[in-house]
Amino acid sequence: ALVLTGDAMDQDELIKVCLRTNNMAALSSVWYMRLQLACYFQSWNVALAMIEKLEQSRDFFVGTFSFYHHKFFESLAYIAVDRQNATRKYQSKVAKSIKELKKLFNCGTVSCEPLVLLLEAEVASLQSNKNGLKKAYDEAVSSAEAKEMSNIRALANECAGTVFMNYDDYL
């Protein structure tokens, strides 16, 4: 299991305190960080569990700087689960999130661009037509690099690698 425990904090103890004091904002932050960590480590069941917990506190993220990151990691997990299960169960949720992220980008939230490009590449990877897929991932990587978002750049490379490992003759 992915646990946020170390020298600075103990996840289980923090959750107990949050529940005892009814601090839903802090509890939501723990769940969000676990969602993010689960996506980085491709632990999709943990990611889905955190998304479910975050549904109870979605209001804490709307209007904050982390809202668009939350939408990004949620969508990334949904795409991965759809890929894993060969389904399109979450397709409409992902499309809605991409639309919201594009809207934020068009309003000046420039750090949304690499997130949108990576999600679009991931969605394209689920399609049967693979034309332009390498270019889509390259654009996501380049955008993240230009915005100095090294974690998103690494994640984009990781996602591309995961997809292309299944297409030996593609490249």
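Residues numbered from 1 in each chain as written. Predicted model: local features only at pLDDT ≥ 70, side-chain atom pairs only at ≥ 80, totals over all residues. Heavy atoms only, no water.

(A) Up close: the confidence of the model for the protein. Looking at the protein as a whole, its pLDDT mean stands at 89, while 93% of the residues score no less than 70. Mean pLDDT per element in the protein: helix α2 (residues 24-40) is the minimum at 90, and helix α7 (residues 133-146) is the maximum at 96. (pLDDT = per-residue confidence, 0-100. Helix = DSSP H or I, 4+ residues; strand = E, 2+ residues; numbered from the N terminus.)

(B) Main features of the environment of Ser 143. Its place among the elements puts Ser 143 in helix α7. Residues Ser 143 and Pro 114, spaced 29 residues apart in sequence, show a C-alpha to C-alpha distance of 5.1 Å. The residues touching Ser 143, leaving out its near neighbours within four places in the chain, are Glu 113, Pro 114 and Leu 117. (Contact = heavy atoms within 4.5 Å.)

(C) Looking closely at the pattern of salt bridges. For the structure shown, the criterion picks out eight salt bridges. Glu 113 serves as the salt-bridge partner of Lys 147, at 2.9 Å between the closest nitrogen and oxygen. Placement of the pair is Lys 147 in the loop between α7 and α8 (150-164) and Glu 113 in helix α6 (residues 113-125), with a sequence separation of 34 residues. Using a relative accessible area of 30% as the deciding quantity, one classes Lys 147 as partly exposed. For Lys 134, the salt bridge identified is with Asp 138, shortest N-O distance 2.9 Å. Of the two residues, Lys 134 and Asp 138 both sit in helix α7, four residues apart, roughly one turn of that helix. Ionic contacts of the salt-bridge type, sharing partners, join the residues Lys 71, Glu 74 and Glu 100 into one network. (Salt bridge = Lys/Arg side-chain N within 4 Å of Asp/Glu carboxyl O. Buried < 20%, exposed > 50% of the residue type's maximum accessible area, 1.4 Å probe, protein only.)

(D) Expanded view of helix α1 (residues 11-21). Those residues of α1 lying buried are Gln 11, Ile 15 and Cys 18. The buried residues of α1 all sit within an arc of 65 degrees when viewed along its axis, so they share a single face. Away from its buried face by more than 90 degrees, α1 exposes Lys 16 and Arg 20. Tucked into the core, α1 has its buried residues touching α2. The opening residue of α1 is Asp 10, an N-cap whose side-chain oxygen sits 3.0 Å from the backbone nitrogen of Asp 12. Backbone geometry just downstream of α1 places Asn 22 in the positive-phi region, at approximately 60 degrees. (Arc of directions from axis to C-beta. Polar contact = N/O pair within 3.5 Å; in protein donor to acceptor, adjacent residues only side chain to side chain.)

(E) Just the environment of Ala 8, in detail. The residue Ala 8 is located in the segment before α1 in this model. With relative accessibility at 81%, the residue Ala 8 sits in the exposed group. Linking Ala 8 and Gln 127, residues 119 residues apart in sequence, is a C-alpha distance of 43 Å.

(F) Examining the packing of aromatic side chains more closely. Counted by the stated rule, this structure contains four aromatic pairs. Residues Phe 72 and Phe 73 carry aromatic rings whose centres are separated by 4.9 Å and whose planes lie at 70 degrees to one another, so their mutual orientation is edge-to-face. Of the two residues, Phe 72 and Phe 73, both sit in the buried class. With a centroid separation of 5.8 Å and an interplanar angle of 70 degrees, the aromatic rings of Tyr 137 and Phe 164 are classed as edge-to-face. Residue Tyr 137 is found in helix α7, and its partner Phe 164 is found in helix α8; the two are separated by 27 residues along the sequence. Accessibility assignment for this pair places Tyr 137 and Phe 164 in one class, buried. (Phe/Tyr/Trp six-rings, centres within 6.5 Å; stacked < 30°, edge-to-face > 60°.)

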